[in-house]
Structures are given as C-alpha cells and as structure tokens.
Amino acid sequence: MRYRNTYFFILALILLTAWSATIYTQANSDRVNGGTAINKVYQTILDRYVAEIDPEKLSNAAIDGMLHELDPYSQHINDNDSYRLDAITTGEYGGVGIHLGRMNDSLVVVSPMDGTPAFRQGIQSGDRIVKIDSVWTRKLDLNQAARLVRGEKGSLITLYIKRDGEPKLLTFEITRELIKVPDVSYSGLLDNRTGYVKLSNFSKFSAEDLEKAIRKLNKTGLNALIIDLRGNPGGLLSAALMSADLFVGKGELLLETKGRINQSNKKYNAKRNPIVKPSLPMAVLVDGGSASASEILSGILQDYDRAVVIGEPSYGKGLVQTVTRLTPESRLKLTTAKYYLPSGRLIQKRDIATDVIYEDLLETENNTFYSDNHRQFEAGGGVTPDLLVEDLPLSELEKMFWRNRLFFKYALDYTEANPGLSLPLNLNDDQVDHFYSWLEAKHMFPQMGFQHWLDDMDHVVDSTSTVYEEILNLRNELQSLEALWQQEEIEQNRDQILSGLETEISNVIGGNGARIAASLKHDPVVNKAIELLASRPEMLSILTGKED
C-alpha cells in the first residue's frame, strides 16, 4: 500500500509538472507570436503604406495604444511633457517660479512664488504675459504656456508683460533656476491651539517638510493636529510611507504591495518612533481629489485608529507605478503592483477592467476589514471618512464669480487703491456691498440666461411695430427682475462672497500661503475638525467605535 501511494504521488507530480510546462510553453508562445505580429505590422506599414510614415511617431502611437488597454495610470511620457513627474520624483523643476492662469484672452500671473527668479525681478499678480520669448500667448493653453516657461537651469527666458497703469510692455529677461515644489503649502496654528498643515503633493521632500512643519508647531504648545490632504493627487509611495512613519509606532506594518514579479511583493514597516505623542488628537481631511499617496497616509492612520478621517470619500487609487527609461527622450510609467493597507484592504475603485487583462485586479479574499479597535471597513472605492462633512456647494452666482475671475480682478483693484493692507485681513460685511458696487460700476456683474436676449432686443425688434411699446415694457420688467435677482443672490451668499474676497485679496498681498490661511476661516470641514478635536469624548467614541 505504501508503494502504491508513492507511485500515485510520483505520477501526479509528473502530470502536474507536464501540465505546468504546457501552460508556460503556451503562454510563452502566445507572447512570442504577439511580439512577432506587432513587429511585422510595424515594418509592413513603414515599407508599404501609401504615404511615408514617421517611424518615431508611429512607435509612440503603438505604445500609447497598448497602454490605453491597461489602466488609466500606465503612461508613455515624453520628457518635454514630464514636468509633473519631475516635480514629484525630484521635488523640483527648471523654471522661473510663477503660477499661471487665464483671464479672458490673456495669460496672467496668478502669483509669483516667494524667493524665485520671477519674485526677485518684480513680476506681480495680475501681470499679463503677452509673449514668451518669440511666441505670442493669446492662443496658448496653460499646458503649452507652462512648457515654454519651463527649461534647463541657467537658461534665459524673456517675458513681455502688460501691466495695468504702464503705457508700454515691460520686458523681463530671467535666468531659470531649480524651483522647489512647495509640498507643505501652508502650516500654522488655528484658534491658538490646533496645528494645521496643508500637504499639497507627495514628492521627494514631502515627509521632511511635513516633519519640519509639525516640529515648528510643536514648539507653540500644540494641543491637536490637522493634516489637510484634500485635493492632494498623491505622488511617491516612499513619500507617503515616510510621512506615515512620523505617527505610527516603530516596527508596525505600514503597507504591503503585491504584483506578478518578486520585486513587486514587499512589506513596509515603520522605521522610527513617532514625532508626536500618541495622545495628541489628530484629524486627517480628505475629499474626492485625495488620491494614491494621500489615501495611503490617511488609510494607515485610520487603520491604526491614530486619527479621525473627516471630509468626503477619497478618489480610490490602490495601484503602484514604477518608471523605466525607454529612450533618452522618453519614459514608461507602468502599473506593477497593488497596495494593501495594514488592515489588508485594497482601496482601488472599479474602473480598470479591460479585455486584455486575464484576471480581476480587484479580487480579494475578504471584503470586510478591521482597524486596531475592531472598527469595520469595506474594501474598494477609496478611503471612507469616519465623519462625513461636505464642503459648502458653490451657488451659481459664486461659480460665475470664480469662472470669470471677478474676485481676483477686484482684489487687484482693491489692493492697488489700498497699498497699506496687511495680513491677516479682517474684512467686514460692508466689503460685499463695495464689491457689488464695483461690479456695477465696471458693468461686470454676471448675466442671467435671458440677459443676452435683452441686450440684443433693440437690434431685433422693429421700433415701428404696433406692439413695440408692449415689448419695450416687457424688456424693462425683465431688466428689473435681473436687478432684483442680483441683489437677492448677493444677500443669500454674503458669507461665501466675503470668503472669496478675503481669499483673493490675501493671495494678491501674500501669495498662495496667505490665500490658504484666509480660506480656512470659512471652511466648514476645517471648522468641524477643530470642534471635534476639542471634544475628547466625541473623538474617543469615533476611534473606539463605541457610543458614549
């Protein structure tokens, strides 16, 4: 009997080995045949197509076509378009240090970055860039303009600028420098007790900058801490892990990645002791714009019950990409692994299935996962906040103000008329009325849908018509309704309008950091976080999953 069992075992092993070899041979054969077909089609097109083909452009199109069949994050990157990737991987890029925007047909400087070449040469918020070197900017989109402004460190760029009040174009010849991306765009104390750090990216120096900001706040007698990850699209995996390492106990599991090759299968553990006391109340703010590395940091702190996550559900990106140099001019960013939070959950949303992929990338053994305190989480679809708080929705009037950059235009006029303004601003309700008067004086108040018809009426209606007087009366009544609508919309949105004015005036005076600081006063998510962090019983009830 013992020999028979051994015989069957050996036979089964032989059959299994043969089956595995067949499968491997078939898969390898499919791969070779596929590669051969691609090469044959490529060469046939170059040799026989009716018109001559650019080989490099055809290759790029083929690569882009293959990547399109995989997932939204695998990309073929030309170095001329790699600003975002360079900014993430190195934390810096070659440029002059300006935030660009568009206003009507003009390319405008939203703000110069402190200490950069543009700032030192005196470029100001509101300056209109008419020409970049020899290229006129009127028809350029923002990406095209950004590519022209960026360049090698030490190279020269000439900006031709129209500034209000100056009769002639101003010419600025600027030497490009390495511009460091400000990952911590703002940090400070709120209500004299709660530390606040706005983390906008995860690049090479993000964790270092985050640590510096928190240590500086610690010296002020920190009682609670808010980390704002809203709108943070992510970046380097290493930056997210080093950031989490600031708060999680040494040796704890931070993340696990799994892929098809051994190099993709890794476990990452905390390497240092936390820089803040475990008893310090913490909140992390997320929204639909928080993705990738933002979800790693917020998910880790949620899994260990270290922070309350507040806001709206995050984006849902649980895949890891690696970058490979293809040619001297191009790189391949390819998805090579999935990442799993300490609880074991995968937060990737379901938007990546294609016909060429054999398996379900989102398949997991379990769908329910638990934190250290046995709080329950579901897999997929991003990080769900412990406390759902929505930002105030913009009214149609506010959308028009922001879309037409009216807050910004008003801020430019207001700061020019009041040169002694200092930060922080303390505007009162009268500022809204002044803004309304400015809009009317400039004939810039956004129009309702029928206003265009009213404006064209005189050109359409025959003044000799027998019904002209009735039509004119109707026009006047509609015009009165327009004015009434304007006043009612202003009254209903006074707080939000005041917030917009404070934000943009602060931006013109002090740059992006001042803009963020001003916006926080009216931010319902931040205010809810401050309120929660001040209530220890409510915090504990959320983090322990137990009601009082």
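Residues numbered from 1 in each chain as written. Predicted model: local features only at pLDDT ≥ 70, side-chain atom pairs only at ≥ 80, totals over all residues. Heavy atoms only, no water.

## What about the overall build of the protein chain?
Along the protein chain, the regular secondary structure elements total 17 helices and 21 strands. Sequence separation of at least 24 residues holds for 68% of the intrachain contacts in the protein chain that already meet a minimum separation of 6. Here the protein chain has roughly 30,200 Å² of accessible surface; of this, 52% comes from carbon and sulfur atoms. (Helix = DSSP H or I, 4+ residues; strand = E, 2+ residues; numbered from the N terminus. Contact = heavy atoms within 4.5 Å. Areas by Shrake-Rupley, 256 points an atom, 1.4 Å probe, with all protein chains shown as cover.)

## Focus on the packing of aromatic side chains
What the rule picks out here adds up to 11 aromatic pairs. Centroid distance Phe 401 to Phe 435: 5.2 Å. Interplanar angle 80 degrees. Geometry classified as edge-to-face. Here the residue Phe 401 occupies a position in helix α9 (residues 396–403), and Phe 435 occupies one in helix α11 (residues 430–441), the gap between them amounting to 34 residues. As far as burial versus exposure is concerned, Phe 401 and Phe 435 are alike and both buried. Aromatic side chains Tyr 410 and Trp 438 sit 5.3 Å apart centroid to centroid with 80 degrees between the ring planes, which places their arrangement in the edge-to-face category. (Phe/Tyr/Trp six-rings, centres within 6.5 Å; stacked < 30°, edge-to-face > 60°. Buried < 20%, exposed > 50% of the residue type's maximum accessible area, 1.4 Å probe, protein only.)

## Comments concerning the pairing of strand β4 (residues 106–112)
For β4, a buried count of seven out of seven residues is recorded, marking the element as mostly surrounded by other parts of the structure. As defined by bridge partners, strand β3 (residues 98–103) adjoins β4 across six bridges and the pair is classed as antiparallel. Paired with His 99 across the strands is Ser 111, a residue of β4. Where β4 and strand β5 (residues 128–132) come together, two bridges link them in antiparallel fashion. Each bridged residue has a counterpart across the sheet, and for Val 108 the counterpart in β5 is Arg 128. (Pairing = 2+ DSSP bridges.)

## So, the nonpolar core
For soluble globular proteins, the rule of thumb is that nonpolar side chains tend to be buried together. Counting 42 residues, the largest nonpolar core has Leu 225, Phe 247 and Ile 300 as its most contacted members. The set of elements that each furnish at least two residues to this core consists of β11 (194–199), α6 (206–218), β12 (224–228), α7 (237–244), β13 (253–258), β15 (282–286), α8 (293–303) and β18 (330–340). Here this core gets five residues from one element, more than from any other, and that element is α8. Here Leu 225 is in contact with Gly 195, Val 197, Ile 214, Leu 217, Phe 247, Leu 280, Pro 281, Met 282, Ala 283 and Leu 533, once residues within four sequence places are set aside. One finds Phe 401, Tyr 414, Leu 425 and Ile 497 within the second-largest nonpolar core, a separate group that totals 26 residues. (Core = buried A, V, L, I, M, F, W, Y, C linked by side-chain atoms within 4.5 Å.)

## Things to note about unusual backbone geometry
Geometrically, the link from Leu 423 to Pro 424 is a cis peptide bond, its omega value of 0 degrees lying close to zero. In this fold, Pro 424 is placed in the loop between α10 (406–417) and α11. One non-glycine residue, Ser 292, adopts positive backbone phi at about 55 degrees. Tracing the backbone through its elements, the reader meets Ser 292 in the loop between β15 and α8. Judged by relative accessible area, which is 9%, Ser 292 ranks as buried. Even without being a glycine, His 374 presents a positive backbone phi close to 65 degrees. Locating His 374 in the fold gives a position in the loop between β19 (368–370) and β20 (376–378). Residue class for His 374 comes out exposed when judged on its relative accessible area of 57%.

## A word on the confidence of the model for the protein chain
Considering every residue of the protein chain, the mean pLDDT works out to 84; 84% of them sit at 70 or more. Low pLDDT, under 50, characterises residues 6–25; the stretch is placed with zero contacts to residues that sit more than four places away or in other chains. (pLDDT = per-residue confidence, 0-100.)

## Topic: the pairing of β11
Strand residues, when the strand is regular, have side chains that alternate between the two faces of the sheet. Most of β11 is tucked away: six of the six residues are buried. Side chains Thr 194, Tyr 196 and Lys 198 of β11 all project onto a buried face; the interleaved residues Gly 195, Val 197 and Leu 199 project onto the opposite face, where all are buried too. Pairing analysis gives six bridges linking strand β10 (residues 184–190) to β11, with the strands arranged antiparallel. Counted as the bridge partner of Leu 189 is Gly 195 from β11. The hairpin formed by β10 and β11 contains three residues between the paired strands, and Asp 191 there has a positive phi angle of roughly 50 degrees. By the bridge criterion, five bridges tie β11 to β12 in an arrangement that is parallel. Bridged to Thr 194 within β12 is Ala 224. Each parallel crossover has a hand, and the one from β11 via α6 to β12 is right-handed. (Right-handed = clockwise from strand over helix to strand, strands pointing away.)

## Examining the sheet that holds β15
In spatial order, the strands read β10-β11-β12-β15-β16-β21; together these six strands make up an open sheet with mixed pairing. Bordering the open sheet on either side are β10 and β21 (387–388), each of which pairs with just one other strand. Each of β10, β11 and β12 touches α6; the most contacted strand, β11, lies at about 165 degrees to it. Along the sheet, helix α15 (residues 512–520) makes contact with β10 and β11, crossing β10 at roughly 40 degrees. (Axes fitted to C-alpha atoms, helices over the stretch in contact; angles between N-to-C directions.)

## Quick word on α9
The set of residues buried in α9 consists of Leu 397, Glu 398, Met 400 and Phe 401. With its buried residues spanning 160 degrees around the axis, α9 presents them on a single face. Of the residues flanking the end of α9, it is Arg 405, one or two places downstream, whose phi is positive at about 55 degrees. (Arc of directions from axis to C-beta.)

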